[in-house]
Amino acid sequence: MKKNKKALITVFIIFGVLVAPHEGEFWPFSIFPMFSQAGNPWVRSHVRVVDYDENMINWKTVGADQLDGDVLSMVSLGVNQNDVSNFVSKTAEWNERALSNMRALLGEVTSREQIMIYKVTGSLHPEISDSVVISYQPYIFMSPEATILHPDLRGDLPR
Amino acid sequence: MNKVNKFIDWISNMIFQPGQVESRGYYIYFQMLELLIISLIITYAWNWAPYISRIQDVVLPLGLAQYISVHFMFDDLLPYLNAGIITLACAAGFLRLNKFSYLIAVFAIHFQYISRYSLGEISHGSNMAGLCLLALAVAAILYKDGIRFRKFSFGMILFFMGLAYTSAAVCKLIGTGPLWIDGRHLWLWIGERSVDVLSADGSFQLNVLQEFTIQWYWLATIILFFGLATEAVGVMVWSSFFRPFIVLLLVGMHFGIEWTMNISFSSYVYVLILAGFPWFKLIDYALDRLNYSSLNNMIDRFQGDISTPEWLSSVKKNIP
């Protein structure tokens, strides 16, 4: 019994030491902070197959009913939707390497189709209390020949 | 200090139940739980392997990836090799071939996890299985004796199970406060999941519960209140008396999460259902009714000396 107690306390201390400096996450230890901050705006991704003239891309942020093209299902590509969403929301700098990784993640569809990766944001409507606003911002256009970022994201990257 | 000691003793007594005699049914039951845990771990290992091969760079390093580069894992062969190591280590642990086998499996699956989830997502679906494997690993190192091995690992599983749910509730109360249960928060999450499901599957349709939840603010608030309250009392799984009731609530909460937010935590549900109810009583009852001496002898050979548990003696008295 004493041995059990000592071992459990030791594992509990290791748990504390690992999760405390790692924002509550050190697999398999976690304090499960997901969903702890309710009501905050969120960012996800959405990918569509489009048919654009590369010089006339529509970069306007729209609602779900005004989207161009057809949904490109991530399941059909064998890609986890959460990975694409997190890639879009957590990539700080869209350099050549990040774009190449995004192409690798989506796979060979990027060498076959024209696709638009949307950055989707959702928030509670600031004035209408019972409404959720979801907007789709065209973010990255990929075709077999080119990768074009939303004008706000273009830094030193060649177009 | 004395009070802290007493509190720790009180928890230890609840989760390890030092006075409880292990029955034949419990032995079979625990083998089933152990098999479930290693099956989940092996499944994760092989499911993650092909995905790791597609990754080229780390967006968000998790766990040991914050100290060691995991780029070497982004290879066509290594993730599969690691999955093979995990499978062999789990098998060796189950067959008690080496006391460090489960620990090797823990480290190997940690590497598999930090490689698979290096693109920004912090996945929690596998945490329960991982914690259970860790409990087996610690128990295998500490105890040669099977009965003590099972007692410690089951107690540790219960401890972290309760801690996990209650800490999740505490995080919500710290992160948002009591107003976390405001139904509009659920609307926002349903909106988020609608984008995810549409993007993943190509289509999305609200189910009946989601439609009602969006229509009625009070229903959304009640659902969130139920979720928060259920998580908060998660720590009560430590008590064998309350455990089945709390586990029922937790399983219900997981189904609620799946129906309202399309998020499935299936491995949690499997472990909860198996670990949360005293299935061994049913097995003991069946063994007693069957009364196959060869089967009982075989169990005894693996398990060691056992005696009829008290509760079964009383059941036997009441059977005409």
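Residues numbered from 1 in each chain as written. Chains lettered and ligands numbered in written order. Predicted model: local features only at pLDDT ≥ 70, side-chain atom pairs only at ≥ 80, totals over all residues. Heavy atoms only, no water.

Draft legend 1. Quick peek at the overall build of chain B. Within chain B, the secondary structure is distributed over 14 helices and zero strands. Secondary structure of chain B in N-to-C order comes out as α-α-α-α-α-α-α-α-α-α-α-α-α-α. In terms of overall dimensions, chain B has a C-alpha envelope of 60 × 50 × 50 Å along the principal axes. Here chain B, with 320 residues, has 52% of them falling under the buried criterion. Considering only contacts within chain B whose residues lie at least 6 apart along the sequence, 75% involve residues at least 24 apart. Accessible surface, chain B: about 14900 Å² in total, of which carbon and sulfur atoms supply 66%. Within chain B, one finds 20 positive and 20 negative side-chain charges whose respective centroids are separated by 11 Å. (Helix = DSSP H or I, 4+ residues; strand = E, 2+ residues; numbered from the N terminus. Buried < 20%, exposed > 50% of the residue type's maximum accessible area, 1.4 Å probe, protein only. Contact = heavy atoms within 4.5 Å. Areas by Shrake-Rupley, 256 points an atom, 1.4 Å probe, with all protein chains shown as cover. Lys, Arg positive; Asp, Glu negative; His and termini not counted. Charge placed at Lys NZ, Arg CZ, Asp CG, Glu CD.)

Draft legend 2. Up close: the packing of helix 5 (residues 127–142) of chain B against helix 11 (residues 266–276) of chain B. Residues and elements named next belong to chain B. Taken N-terminus to C-terminus, the directions of helix 5 and helix 11 make an angle of 50 degrees; their axes are 8 Å apart at the nearest point. Relative to helix 11, helix 5 is oriented oblique. When helix 5 is examined against helix 11, the residues N127, M128 and C132 are found in contact with a partner set consisting of Y268, V271 and L272. Residue composition of the contact of helix 5 with helix 11, by class: five nonpolar, one polar and no charged. (Axes fitted to C-alpha atoms, helices over the stretch in contact; angles between N-to-C directions. Parallel < 35°, antiparallel > 145°, perpendicular 65-115°, else oblique. Nonpolar A, V, L, I, M, F, W, Y, C, P; charged D, E, K, R; others polar.)

Draft legend 3. Inspection of the interface of chain A and chain B at higher detail. On the chain B side, the residues contacting the 64 residues of chain A number 68 residues. At the boundary of chain A with chain B, total buried surface from both sides reaches about 5900 Å², with 65% on carbon and sulfur atoms. Linking chain A with chain B are four salt bridges. Along the lines of polarity and charge, the residues of the side of chain A that touches chain B split into 33 nonpolar, 23 polar and eight charged. (Buried area = accessible area lost by both parts, 1.4 Å probe. Salt bridge = Lys/Arg side-chain N within 4 Å of Asp/Glu carboxyl O.)

Draft legend 4. Representation of helix 4 (residues 101–116) of chain B. Along its 16 residues, helix 4 of chain B runs 22 Å from first to last C-alpha, staying within 8% of the 22 Å computed at 1.5 Å per residue. By the criterion of burial, helix 4 of chain B is predominantly enclosed, with 13 of the 16 residues buried. (Expected span 1.5 Å × (residues − 1).)

Draft legend 5. Layout of the state of the cysteines. All names here are of chain B. Tallied over the full model, the rule gives zero disulfides over all chains. As a non-bridged cysteine, C171 has C132 as the owner of its nearest cysteine sulfur, 20 Å distant. Classification of C171 by relative accessible area gives buried; the value is 13%. (Disulfide = S-S within 2.5 Å.)

Draft legend 6. Fine view of the packing of aromatic side chains. Inspection of every chain in the model, using the stated rule, returns 40 aromatic pairs over all chains. Judged by centre distance (6.4 Å) and plane angle (45 degrees), the ring pair of W46 of chain B and Y80 of chain B falls under tilted. On the criterion of sequence distance, the pair formed by W46 of chain B in helix 2 (residues 24–54) and Y80 of chain B in helix 3 (residues 78–94) is long-range, its members being 34 residues apart. An aromatic cluster of three or more residues is present, and its members are F12, F15 and F29 of chain A together with F159, F160 and W238 of chain B. Here R116 of chain B stacks its cationic end above the ring of Y117 of chain B, 4.3 Å away from the centre of that ring. (Phe/Tyr/Trp six-rings, centres within 6.5 Å; stacked < 30°, edge-to-face > 60°. Lys NZ or Arg CZ within 6 Å of the ring centre and 35° of its normal.)

Draft legend 7. The arrangement of the domain arrangement of chain B in detail. Residue and element names in this part refer to chain B. Annotation of chain B at the domain level lists domain 1 (24–164 + 292–306) and domain 2 (176–264). Between domain 1 and domain 2, the contact holds six residues from the first and five residues from the second. Where domain 1 abuts domain 2, roughly 460 Å² becomes buried across the two surfaces, and 76% of that area is made up of carbon and sulfur atoms. Remark: the boundary between domain 1 and domain 2 carries two residue pairs in polar contact (both at pLDDT 80 or more). Tallied by class, the residues present in the side of domain 1 that touches domain 2 amount to five nonpolar, one polar and no charged. (Domains from an automatic or database assignment. Polar contact = N/O pair within 3.5 Å; in protein donor to acceptor, adjacent residues only side chain to side chain.)

Draft legend 8. Layout of a positive patch on the surface. Residues K3 of chain A together with K99, K144 and R148 of chain B make up a contiguous surface patch of positive charge. The topology assignment puts K3 of chain A in helix 1 (residues 2–19). (Patch = residues over 30% accessible without salt bridge, like charges linked within 9 Å, V, L, I, M, F, W, Y side chains within 5 Å.)

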